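Secondary and tertiary structure notes
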Amino acid sequence: MTDSNKASSGNGTGNGNGKDYKWVGTRAVRPDGVDKVTGRAKFGADLHLPNMLVGKVLRSPHAHAHIRSIDTSAAEALSGVKAVITRDDFSDQPKGAVQPAGEMTINYRDMVRNVMAREKALYEGHAIAAVAAVDARIATKALSLIKVDFEVLPHVIDPVAAMEDGAPIIQEDLIADGMEQSPGSMTNIAKRVEFGHGDVAVGFAEADVVIEREFTTQPVHQGYIEPHACVASMTEDGQGELWLSTQGHYVARGHCATLLGLDVSKLRVQASEIGGGFGGKTVVYLEPLALALSRKACQPVKMAMTREEVFRATGPTSGAHLWVKVGVTNDGRITAADAVLKYQAGAFPGSPVAQGAQCAFAPYELNHVRTIGYDILVNRPKVAAYRAPGAPIAEYATESVMDEIAEAIGMDPLEFRLKNAPKQGSQSSYGPKFPAIGCIETLEAARDHDHYQTPLKSGQGRGVATGYWFNIGGQTSATLNLSEDGSVALVLGTVDVGGTRASLAMMAAEQLGIDLDKVRPMIGDTSALGYNMLTGGSRVTFAGGIAVVGAAQDLIGTLKERAAKFWDIPVDDVEWADGEARATNGYTDNMQPLPLQEIAKDMAKTGGPIVGAHSINAQGAGPSFGTHVVDVDVDRETGRVWVTRYTVVQDAGKAIHPSYVEGQYQGGAVQGIGWALNEEYIYDDNGRLENAGFLDYRVPVCSDVPMIDTVIVEVPNPTHPYGVRGVGETPIVPPMAAISNAVADALGIRFTDLPMSPPRVLAAIKAGNGDVTTAN
Amino acid sequence: MARIVLTGNLQLHTEGVKELELDVNTIRQLMRQLTTRYPGLPADLEDEVAVSIDGTIYQDDWFAEIAPDSEVHLLPKIGGG
Amino acid sequence: MAKYHITTRINGDDVEFLCAPEQTLLDVLRDDLRLTGSKEGCASGDCGACSVTIDGRLVCSCLVLAAEVGGQEIETIEGMADGDRLHPLQQKFLDFAALQCGVCTPGFLVAAKALLDHNPNPSETEVRYWLAGNLCRCTGYDKIVRAVLDTAAEIRN
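Residues numbered from 1 in each chain as written. Chains lettered and ligands numbered in written order. Predicted model: local features only at pLDDT ≥ 70, side-chain atom pairs only at ≥ 80, totals over all residues.

Some details on the overall build of chain C
Along chain C, the regular secondary structure elements total five helices and five strands. For chain C, the α and β elements follow one another from N to C terminus as β-β-α-β-β-β-α-α-α-α. The C-alpha extent of chain C, read off along each of the three principal axes, is 50 × 30 × 25 Å. Considering only residue pairs separated by 6 or more positions, chain C has 59% of its internal contacts joining residues 24 or more positions apart. (Helix = DSSP H or I, 4+ residues; strand = E, 2+ residues; numbered from the N terminus. Contact = placed C-beta atoms within 7 Å.)

What follows is the structure, encoded as structure tokens:
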């Protein structure tokens, strides 16, 4: 363990287990809450600046086409139009231009083409040009005046079709990474990866029962209710300000600076409140366009996507084709597990297939395991992250097969998982040995829960599944600024997507020993702090917590020095407790404790302003396992699957604010319900999206779901001062398999294609089996 | 000598070698030795991988320590959503 | 081209504005009157983030033309609190953590208030179906429904 995590007064061993805290573990009202319930909180499209223009994007109607020419002259001549941009307004990024940014290395040559098409339109909705005008009506008219000469090309959407010889080639110069490939051959396969250990042939030979199945999943969108929106303002001296809805304003700053050819520090970026991201707002779409338009017009430009644009032009997660094979002994020991995963990447490489391959069998301790993954280009928007990227897709398939094989040997599915569960020190399916983990604890809690013990009504079915996500740490910087009255400003750089301002303020208040009411948390702009990686990977309460605790310790260090000076005693004889400095070591008689307010009041005279700061690159994030139990009713006349009861059991390490941990469990589960039962993209024969709106892209509504019960298991993560594990992503990993398993229990039909929407379920009921080829 | 295991598709660039032993004390040393020994590996290897040292996962940490008996896995970089 | 001149009442205040024929009430609220509490999530009446009441009736303001609201009583999220006293629903949403990102929250509060204003004792099923026109992607709806039910119970007592 490096020093980067040693930030707390504790020893990093989760020193709080069972201890009574004043704030940590309570359900305090979030400090930013009133703004959100009164409509005062400002999201991406809520900012108005003087002299502001409206920007709009012209998008390709074709799924695949050469762009021969773009004529913007008529648009530019329209009165009220202040700027028009095309590919000519962005410098190309060199081949192999890859920079570490955010969580992944970024291929800027791909990104510049994704934000605005260059040689080809690669998906319906691909940006071709953009305008800024004095109002929306003129901007829209200007778009209609732009003439684009397209040469329409054949397109391909299905990943298996895209791998075949003769498929339309999306990127002619793509060379598959990870395959034996002769140079110059044209392919849509961007990458092949392989994980595992042992020898699956040996393992299968030992098995008494072997089951092999193929599955398909459809692309699904993160479904954030707030469309992408930003306001960009570039001034005559080449500096700029950007306001946007994002999961990472430092990352957005880096992308925009690169694409516009600016020094990073010339751009000052403020994250608005964000109306949902789930991974979909870790990338930029409108922002480089708005900045380029603003630079041309020298006026602020606001751009906001319509819901239709969100569906047509932003990255969903992959659809996939999956093959899984598992072998077990009659007494329930898994002897071998094998999988081949083919994920859609969209128009540019970068599906999360590697992570899917790693997580596929993570809930099992295996001697022989192999997962192979393919990253495949198709004529769709480049996929973006969606909550535990890659893992939900893979575990849908693997957890379905595990359920089927447990049934085949007559074993209870939770007992089966317990028999094969990994623990600390087990070799994971992707290589490293597991640190302290809570897989067994979640399985046992699920098994012993009232839900699992309650008999089903006739016709209902019950399913379970276990999911896993690594979680990450990353660069994080936080500051505590002491005010002269002893109250504290907590400046954070980790965008708050779901209430982490509360948890982080609570940790600060806990460390300082003061009232939560005295800590005011805020998300600063990019000029306020050192680098902060984006919010994602379930990292904020973990890494943000380490930074905040470190900043509090730094502040306390200074407070003790000031008290020592005030009393004229050695600083080693000062301790900090309950919000005050106390003299120890026999000095106590003459020295009354100094509360924070006293030290703050005199800070000018004792040395000047008092600030606590801490910057880290947090490592050693603790992974989180979750087990879900779900009951379903299936309406045999309509094919509609009703979720009647749902329980999420998941390891949080330590729940700083239990309500927001529960909220993550519930929200992820319901996204999974939508993924399992309704959500998919429907394309016509021209590769155009037919359901680009919430009416026909059906996410769960309030009446679709029951209460989602939650159980917070706490197996502390030793690398965090309070034992925190990230929790945000694991909840979306188990639902699809759990629901599919429940439907199998209810109907006796095993579905192998998502979503299990009413037409598909009804067709399967009528056909008497689960082999339903998709209607489209 | 630490035990180094390559996952994903790195072994394609190391003449099929998936496991090896190296005398290295930090991740940066590990990266340098690997890219020197196997020029087929990407020069920016350290930007493309996460490194697990005895089960604890590191990303972008040159100076994380590797003990003489450590088990080290090179994984693809982990990105969340 | 000539704009319409509309006189109406919003949150109890007399308001006048000019609007183009194609502008929705949501457009005017957000862009001209700077009442940005109502949100645009879809502009097609599917997500409910733009919910307001007009003469006590719950509507999606993205489906109402601004030119139609002359002489009517509009209530938006901005009018829900009474001075510095939050409406019980607003307080309960905070207490129950019935919001995460908060973008759907104004729509839910307006819709929930409309429910309780005419049905002070809704069942869980009635709450769920009434709120089925408001999409939330963060919470899974559980804590929202609990907050509304608890508020209804508190108001009745």
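Considering the overall build of chain B
A tally of helices and strands in chain B yields two helices and five strands. For chain B, the N- to C-terminal ordering of α and β elements is β-β-α-α-β-β-β. Relative to the globule expectation of 12 Å for 81 residues, the C-alpha radius of gyration of chain B, 12 Å, shows essentially globular dimensions. Considering only C-alpha atoms, chain B reaches an extent of 35 × 25 × 15 Å along its principal axes. (Rg over C-alpha atoms; globule rule 2.2 N^0.38 Å.)

A word on the interface of chain A and chain B
Between chain A and chain B, the contact holds 41 residues from the first and 29 residues from the second. Among the secondary structure elements, those contributing two or more residues to the side of chain A that touches chain B are strand 4 (98-101), strand 5 (104-107), strand 9 (189-197) and helix 10 (353-359) of chain A. Looking at the side of chain A that touches chain B element by element, the count peaks at four residues for strand 9 of chain A. The residue inventory of the side of chain A that touches chain B, partitioned by class, reads 19 nonpolar, 14 polar and eight charged. (Nonpolar A, V, L, I, M, F, W, Y, C, P; charged D, E, K, R; others polar.)

What to know about helix 2 (residues 88-95) of chain C
All names here are of chain C. Three or more residues of helix 2 are buried, namely Leu 89, Gln 90, Lys 92 and Phe 93. Buried residues of helix 2, seen end-on, are gathered within an arc of 165° and therefore sit on one face of the element. Once helix 2 ends, the next one or two residues include Ala 97, with phi positive near 55°. (Buried ≥ 20, exposed ≤ 12 C-beta atoms within 10 Å, placed from the backbone. Arc of directions from axis to C-beta.)

Points about the interface of chain C and chain A
In this assembly, 44 residues from chain C lie in contact with 42 residues from chain A. Broken down by secondary-structure element, the contributors of at least two residues to the side of chain C that touches chain A are helix 2, helix 3 (105-118), helix 4 (124-130) and helix 5 (142-156) of chain C. Per-element tally for the side of chain C that touches chain A: the top contributor is helix 2 of chain C, with four residues. Taken together, the residues that form the side of chain C that touches chain A break down as 23 nonpolar, eleven polar and ten charged.

A word on the nonpolar core
Counting residues in hydrophobic clusters, the biggest one holds 321 residues, and the most contacted among them are Leu 289, Leu 490, Ala 508, Ile 739 and Val 743 of chain A. With 13 residues, helix 16 (residues 540-567) of chain A is the single largest residue contributor to this core. When residues of this core are assigned to domains, at least three map to each of domain 1 (4-79) and domain 2 (88-156) of chain C. (Core = buried A, V, L, I, M, F, W, Y, C linked by C-beta atoms within 7 Å. Domains from an automatic or database assignment.)

Considering the domain arrangement of chain C
All names here are of chain C. When the domains of chain C are assigned, the result is domain 1 (4-79) and domain 2 (88-156). Spacing between the C-alpha centres of domain 1 and domain 2 amounts to 21 Å. Each side of the interface is counted separately: domain 1 has 13 residues, and domain 2 has eleven residues. Ranked by residue count, the leading element in the side of domain 1 that touches domain 2 is strand 3 (residues 51-54), at three residues.

Observations concerning the pairing of strand 21 (residues 519-523) of chain A
Residues and elements named next belong to chain A. Residue alternation in strand 21 divides its side chains into a buried set, Val 519, Pro 521 and Ile 523, and an unburied set, Arg 520 and Met 522. As paired elements, strand 20 (residues 488-492) and strand 21 share five bridges and run parallel to each other. Within strand 21, the residue paired with Val 491 across the bridge is Met 522. (Pairing = 2+ DSSP bridges.)

Looking at the sheet that holds strand 11 (residues 229-234) of chain A
As a general point, the strands of a sheet are linked pairwise by backbone hydrogen bonds and lie either parallel or antiparallel. Residues and elements named next belong to chain A. As summarised here, the arrangement of the seven strands in space is 3-7-1-14-11-12-13, forming an open sheet in which the pairing is mixed. At either end of the open sheet lies a strand with only one pairing partner, and these are strand 3 (81-85) and strand 13 (267-271). Between one strand axis and the next, the sheet turns through 20° on average, direction left out of account. When strand 1 (residues 53-59) meets strand 7 (residues 127-133), the two strands line up antiparallel, connected through six bridges. Residue pairing for strand 7: Val 57 is matched across the bridge by Ala 130. Helix 7 (residues 249-260) contacts strand 12 (240-244) and strand 13 of the sheet and is inclined by roughly 145° relative to strand 13. (Axes fitted to C-alpha atoms, helices over the stretch in contact; angles between N-to-C directions.)

Brief notes about the sheet that holds strand 5 (residues 73-75) of chain C
Residue and element names in this part refer to chain C. Taken in spatial order, the five strands of this open sheet run 2-1-5-3-4, and their pairing is mixed. At either margin of the open sheet sits one strand with a lone partner, and together these are strand 2 (13-19) and strand 4 (57-60). Pairwise comparison of adjacent strand axes, ignoring direction, gives a mean angle of 40° for this sheet. Judged from the two bridges that link them, strand 3 and strand 5 form a sheet pairing that is antiparallel. Within the sheet, the bridge partner assigned to Thr 53 lies in strand 5 and is Glu 75.

Considering the packing of helix 19 (residues 658-677) of chain A against helix 20 (residues 735-747) of chain A
Packed helix pairs are specified by the crossing angle of their axes together with the interaxial distance, meaning the distance between the axes. Residues and elements named next belong to chain A. Packing of helix 19 against helix 20 brings their axes to within 8 Å, and their N-to-C directions diverge by 55°. Taken together, the axes of helix 19 and helix 20 lie oblique to each other. You can see that helix 19 and helix 20 cross each other, and the crossing is right-handed. For the pair helix 19 and helix 20, contact is made by Ala 669, Gly 672, Ile 673, Trp 675, Ala 676 and Leu 677 and by Pro 735, Met 736, Ile 739 and Ser 740, respectively. (Parallel < 35°, antiparallel > 145°, perpendicular 65-115°, else oblique. Left-handed = near helix turned anticlockwise from the far one by under 90°.)

Details of helix 5 of chain C
In this model helix 5 of chain C runs 22 Å from its N-terminal to its C-terminal C-alpha over 15 residues, within 8% of the 21 Å that 1.5 Å per residue would give. Within helix 5 of chain C, the full set of buried residues consists of Asp 142, Lys 143, Ile 144, Val 145, Ala 147, Val 148, Thr 151 and Ala 152 of chain C. The inward-facing, buried residues of helix 5 of chain C abut helix 19 and strand 28 (708-713) of chain A together with helix 2, helix 3 and helix 4 of chain C. (Expected span 1.5 Å × (residues − 1).)

Comments concerning the pairing of strand 1 (residues 4-10) of chain C
Residues and elements named next belong to chain C. Relative to strand 2, strand 1 runs antiparallel, the two sharing seven bridges. Counterpart to Thr 7 in the pairing with strand 2 is Glu 16. Taken together, the two bridges between strand 1 and strand 5 define a ladder with parallel strand orientation. Residue Ile 10 lies in a different strand from strand 5, and its bridge partner there is Ile 74.

Re the environment of Ala 406 of chain A
Residues and elements named next belong to chain A. With respect to the element layout, Ala 406 can be found in helix 11 (residues 391-408). Given 23 C-beta atoms within a 10 Å radius, Ala 406 is considered buried. Considered as a pair, Ala 406 and Val 209 are 197 residues apart in the sequence and their alpha carbons are 9.9 Å apart. For Ala 406, the residues in contact, after removing those within four places along its chain, are Met 411, Pro 413 and Phe 416.

Overview of the packing of helix 11 of chain A against helix 20 of chain A
Residue and element names in this part refer to chain A. Here helix 11 crosses helix 20 at 35°, and the two axes come no closer than 7 Å. The two elements helix 11 and helix 20 cross, and the hand of that crossing is right-handed. In this structure, helix 11 contributes Pro 392, Glu 395, Tyr 396, Glu 399, Ser 400 and Asp 403 to the contact, and helix 20 contributes Met 736, Ala 737, Ser 740 and Asn 741. By residue class, the composition of the contact of helix 11 with helix 20 is four nonpolar, three polar and three charged.

Points about unusual backbone geometry
Residue and element names in this part refer to chain A. Of note, the amide linkage connecting Leu 754 to Pro 755 takes the cis form, showing an omega dihedral of -5°. Position of Pro 755 relative to the elements: it lies in the loop between helix 20 and helix 21 (758-767). Within the chain, Asn 51 stands out as a residue other than glycine whose phi angle is a positive 70°. By secondary structure assignment, the location of Asn 51 is in the loop between helix 1 (33-38) and strand 1.

Section: the confidence of the model for chain C
Chain-level statistics for chain C give a pLDDT mean of 97 and a share of 100% at 70 or above. Scored as a complex, the prediction yields pTM 0.95 and ipTM 0.98. (pLDDT = per-residue confidence, 0-100.)

Topic: the environment of Val 383 of chain A
Of note, Val 383 of chain A is situated in the loop between strand 17 (369-377) and helix 11. When the C-alpha positions of Val 383 of chain A and Ala 345 of chain A are compared, they lie 5.6 Å apart, and in sequence the two are 38 residues distant.

Topic: the environment of Tyr 285 of chain A
Residue and element names in this part refer to chain A. With respect to the helices and strands, Tyr 285 occurs in the loop between strand 13 and helix 8 (287-297). Considered as a pair, Tyr 285 and Asn 114 are 171 residues apart in the sequence and their alpha carbons are 7.8 Å apart. Excluding its chain neighbours within four sequence positions, the residues that come into contact with Tyr 285 are Val 115, His 228, Ala 313 and Thr 314.

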